[in-house]
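Residue-level structural notes
Next come the chains, spelled out residue by residue.
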Amino acid sequence: MPWIKHGDGRTVSPEEIVRPEERLSWPRTIGFGAQHVVAMFGATFLVPLLTEFPPTTTLFFSGIGTMLFLVLTRNKVPSYLGSSFAFIAPIQAAMTDGGMGVALFGVMVTGLLLAAVGFIVNEVGTGWLDALMPPVVTGAIVALIGFNLGGVATDNYQTAPWLATLTLATIVVVAVASRGLLARLSILIGVVVGYVAAAIAGDISFATVRNADWFGLPEFTTPEVSWTVLPMFLPVVLVLVAENVGHVRSVAHLVSDDSINERTGTALIADGLATGLAGFGGGSATTTYGENIGVMTATRVFSTAAYWVAAIVAILLSLSPKVGALLGTIPWGVLGGVTVALYGLIGLIGVKIWIDNQVDFSRPANQYPAAIALIIGIGDLTLTGGDLTFTGIALGTIAAIVVHHGMVFIEHERNKGRAPDA
């Protein structure tokens, strides 16, 4: 759709916002789009590096996925679809057991299931999701996914402790000493500082970068059907639902437009199809990005035109094999410093869900589901039945849902017929 120019296209007063259907002048819109590229880039390229997926392919499908999201939501829901961290653990497990094709199959099926949830939401609303996943359950699932990756983070850290420590220290200092966008880019800055230190120390070989072409198509890979990996991926659907619903509600609140909430189902469909497309072609799964909500909050510019700019830039970057080769030279020690902080922060997002929703942990029906799910996820309890393997994330997710609803049912039956307190 054509965007409406906001005012003169040059200025925005402190009490105004640029709405999704509006834009500033094109030079300014391109500038805001560049900010979105910077905000999403650190996390988006980090996921393929951790899962050994091609970074340029992931950038390509994140750009395509963002365009698809904007088209399906009719430019009403500003969002960038970057790499989802919720997939890291199942992808790593699938890569170990069956290779990239098998992992891509899990990503693709998960995306299609998310799209199916979106179609259901469009028909019946989101009430059933709130009932299935109350805050105590949602928080537990998100937390256990982050904490489940603790072992991977510490393994990376131990490959080069000095480099990991420098990277981690930079992230911490920048996050607390800076403000605004700079503070939000603390992880990207930490990677840059760690990378430069490793290069000075002579720990990086640039042979692959020199030999790579400046221009070329990303590396596409097709999925390999393997139903046995699905138990590892299915719980991620619940996380993506929570992320997308939260994103839509946040945008609706920030622009004071409740009609945006009516596009929740469409947002789920769009992210599901984008994830399915990425899985079909060799890219990382996608999700709506909180980093970019931060940019919009800081700038008060919610124009979807800026997201089209970001998507186009991501696709252009993906068409340079040299960029992918450069990203591939980042040492594991640097990634270790990043992931110690990042995976912990993912876990704390789950804790924040509990706090924001004032979950009452004096109730056993809230205590035990969270406690059991976290221990199963952190300890990565793994059970095998026939050809199927259920990892800590899958089992922890099942436990959170089943134990909570089971205990609530028992609690309800116990209180039947009880006289109210005098």
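Residues numbered from 1 in each chain as written. Predicted model: local features only at pLDDT ≥ 70, side-chain atom pairs only at ≥ 80, totals over all residues. Heavy atoms only, no water.

Attention now goes to the overall build of the protein chain. Within the protein chain one finds 19 helices and six strands. For 422 residues, the compact-globule estimate of 2.2 N^0.38 gives 22 Å, and the protein chain sits close to it at 22 Å. Overall size of the protein chain, expressed as C-alpha extent along the three principal axes, is 75 × 55 × 45 Å. Taking all 422 residues of the protein chain together, the buried fraction comes to 55%. Relative to all contacts within the protein chain whose residues are 6 or more apart in sequence, the contacts with residues 24 or more apart total 81%. Only carbon and sulfur atoms are counted for the fraction: they give 65% of the accessible area of the protein chain, which is about 18300 Å². Side-chain charges in the protein chain split into 19 positive and 27 negative, and the spacing between the mean points of these groups amounts to 10 Å. (Helix = DSSP H or I, 4+ residues; strand = E, 2+ residues; numbered from the N terminus. Rg over C-alpha atoms; globule rule 2.2 N^0.38 Å. Buried < 20%, exposed > 50% of the residue type's maximum accessible area, 1.4 Å probe, protein only. Contact = heavy atoms within 4.5 Å. Areas by Shrake-Rupley, 256 points an atom, 1.4 Å probe, with all protein chains shown as cover. Lys, Arg positive; Asp, Glu negative; His and termini not counted. Charge placed at Lys NZ, Arg CZ, Asp CG, Glu CD.)

As a further point, take the nonpolar core. Across soluble globular proteins, you tend to see nonpolar side chains buried next to one another. Residues Phe 85 and Val 241 are the most contacted members of the largest nonpolar core, which totals 99 residues. When residues in this core are grouped by element, the largest group, 13 residues, is from helix α12 (residues 230–254). Core analysis: the next-biggest nonpolar cluster, separate from the first, contains six residues, Phe 60, Phe 61, Met 67 and Ala 278 among them. (Core = buried A, V, L, I, M, F, W, Y, C linked by side-chain atoms within 4.5 Å.)

To continue, consider helix α4 (residues 100–124). Compared with an ideal rise of 1.5 Å per residue, which puts 25 residues at 36 Å, α4 spans 36 Å between its outermost C-alpha atoms and is within 8% of the ideal. Of the residues one or two after α4, Gly 125 is the one with positive phi, at around 90°. (Expected span 1.5 Å × (residues − 1).)

We now examine the side chain of Glu 22. With respect to the secondary-structure elements, Glu 22 resides in strand β2 (residues 22–23). Comment: no salt bridge for buried Glu 22; closest opposite-charge side chain is Arg 19, at 5.6 Å. (Salt bridge = Lys/Arg side-chain N within 4 Å of Asp/Glu carboxyl O.)

The next thing to look at is the pattern of salt bridges. Evaluation of the coordinates by the stated rule reveals four salt bridges. A salt bridge links Arg 19 to Asp 257, with the nearest nitrogen and oxygen atoms 2.9 Å apart. With Arg 19 in the loop between β1 (4–5) and β2 and Asp 257 in the loop between α12 and α13 (264–281), the pair connects residues that are 238 residues apart, well separated along the chain. Given a relative accessible area of 22%, Arg 19 falls into the partly exposed group. By relative accessible area, which is 18% here, Asp 257 ends up buried. Close ionic contact of Arg 363 with Glu 411 constitutes a salt bridge, the shortest N to O distance being 2.5 Å. On the criterion of sequence distance, the pair formed by Arg 363 in the loop between α17 (332–356) and α18 (364–379) and Glu 411 in helix α19 (residues 392–415) is long-range, its members being 48 residues apart. Here the residues in one salt-bridge network are Arg 19, Glu 21 and Asp 257, joined through shared partners.

A word on the packing of aromatic side chains. Applying the stated criterion to the full structure yields eight aromatic pairs. Ring plane angle 85° and centroid distance 5.2 Å describe the contact between Phe 60 and Phe 61, whose orientation is recorded as edge-to-face. The exposure class of Phe 60 is buried, given its relative accessible area of 18%. Judged by its relative accessible area of 7%, Phe 61 is buried. Aromatic side chains Phe 105 and Trp 227 sit 5.0 Å apart centroid to centroid with 85° between the ring planes, which places their arrangement in the edge-to-face category. Linking Phe 105 in helix α4 with Trp 227 in the loop between α11 (207–211) and α12, this pair joins segments that are 122 residues apart in sequence. (Phe/Tyr/Trp six-rings, centres within 6.5 Å; stacked < 30°, edge-to-face > 60°.)

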